[in-house]
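Summary of structural features
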Amino acid sequence: MPNNTTYLIDQPVVFFPGTLCDERIFNSCWQHLDIPMRAFVPLQWAEDLAQMKMLSTDRLAYFEQPVHLVGYSMGGYIAALTAIENKNRIASLTLIGSACDELPKDEIQQRQQLLKLIKNKQYTGMTEKRLKHFFHNSHHQHSEYLNIVKQMEQDLGAAVLAAQIAATQPRTNLLPSLAKCAFPIHLVSGEEDNFVDKSTMLAMHKQLTNSDMTLIENAGHMLPIEQSRQLAEYLASKIA
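The notes below deal with the structure included here. Since the structure is predicted, the reported quantities are computational estimates derived from the model, not experimental observations. Along each chain, residues carry numbers from 1 onward, in the same order as the chain's sequence is written. Residue-level local features of this predicted model are given only where pLDDT is at least 70; pairs of side-chain atoms are given and counted only at 80 or more, and the full residue set underlies all totals for whole chains, interfaces and linings. Where side-chain values are given, they derive from all heavy atoms of the structure, hydrogens and water being excluded.

1. Observations regarding the nonpolar core
Within soluble globular proteins, side chains that are nonpolar generally end up buried alongside one another. This is how it is decided: To form a nonpolar core, buried Ala, Val, Leu, Ile, Met, Phe, Trp, Tyr and Cys residues must be joined to one another through side-chain atoms within 4.5 Å. Categorising residues by exposure relies on relative accessible area from a 1.4 Å probe, with only protein chains included: less than 20% of the type maximum marks a residue as buried, more than 50% marks it as exposed, and the intermediate range marks it as partly exposed. Each helix is a run of DSSP H or I of at least 4 residues and each strand a run of E of at least 2, with the numbering of both proceeding from the N terminus. Residue contacts follow a heavy-atom distance rule, with two residues in contact if any of their heavy atoms lie within 4.5 Å.
With 37 residues, the main nonpolar core has Leu69, Leu93 and Leu178 as its most contacted residues. Elements with a contribution of two residues or more to this core: strand 2 (13-16), helix 2 (49-60), strand 5 (67-72), helix 3 (74-85), strand 6 (90-96), helix 7 (175-179), strand 7 (185-190) and helix 8 (198-207). Ranked by residues supplied to this core, first place goes to helix 3 with eight residues. Once you skip the residues sitting within four places of it in the chain, Leu93 turns out to touch Leu69, Ala79, Ala80, Ala83, Leu178, Phe183, Pro184, Ile185 and His186. The next biggest cluster of nonpolar side chains, apart from the first, holds 35 residues, and it includes Leu33, Phe135, Met152 and Leu231.

2. Description of the pattern of salt bridges
Quick reminder of the rule: By salt bridge we mean one thing: a side-chain nitrogen of Lys or Arg within 4 Å of a carboxyl oxygen of Asp or Glu.
Taken as a whole, this structure holds seven salt bridges when the rule is applied. Salt-bridge contacts for Arg111 lead to Glu107; the nearest nitrogen and oxygen are separated by 2.9 Å. Taken together, the residues span about one helical turn, with Arg111 and Glu107 both in helix 4 (residues 105-119) at a distance of four residues. On the accessibility criterion, Arg111 (12% relative accessible area) is buried.

3. A few points about helix 2
To be explicit about the condition: By this rule the span expected of a helix is its residue count minus one, scaled by 1.5 Å. The arc refers to the directions leading from the helix axis to the C-beta atoms. Any pair of nitrogen or oxygen atoms within 3.5 Å is treated as a polar contact; in protein, a donor-acceptor pairing is required on top of that, and neighbouring residues in sequence qualify only through side-chain atoms on both sides.
The end-to-end C-alpha distance of helix 2, which contains twelve residues, comes to 17 Å, matching closely the 16 Å that a straight helix rising 1.5 Å per residue would cover. When helix 2 is considered as a whole, its buried residues turn out to be Met52, Leu55, Ser56, Arg59 and Leu60. The arc that holds every buried residue of helix 2, seen down its axis, measures 145°, which confines them to one face. The outward face of helix 2, more than 90 degrees from its buried face, is lined by the exposed residues Ala50 and Met54. Structurally, helix 2 contributes buried residues whose contacts are with strand 2, strand 4 (38-40), strand 5, helix 3, strand 6 and helix 6 (143-168). With a side-chain oxygen positioned 3.3 Å from the backbone nitrogen of Ala50, the residue opening helix 2 is Asp48.

Written out as structure tokens, the structure is:
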């Protein structure tokens, strides 16, 4: 298909960003989509989980009809939590590079260390190595992609990072509750996602009998930036 294809989604869709992300994580994808009934949950405004949930239910209230939720990374967990608590309002749930189970012990330890660095004003931002870990190998030199993530981190800052880590660290495994939901669940990630890998996706898909699963080539964890047109096409095929 030509690169200028725009996909129409004529149903309400609410988008949830990942850690240290704002609308810019979806901007490239949105350029390929026409969604008249679109809302965005500014999770970067929230100071804790309660505020994240409040912002989420507020966006659901924009629409009278059932809503499609699209959550990226951390935002996928919040979208899943929102879906579980508002089952009768949900048309579908799409999780992009997002696992909805408990955090591994090593991940919790890393987050606690990061919180300590931020508290002691020793956090100096993401290293270049860490930044590239979010991307597919083929995009490690793609400065336009890398700069979007760098700019979001710089603009949102360490205080937002600390609030988001603290809000989402004590995670409940949502998979058993999601498995009981009637709405369809779409699982999608980059083929080289270093944070939610193929085995994690397969395990989720196996547990969620109401789900389908897709891996998108030439993408890492930053799938919405790396393969924005393919993601737009995917969303249109699942939602529209």
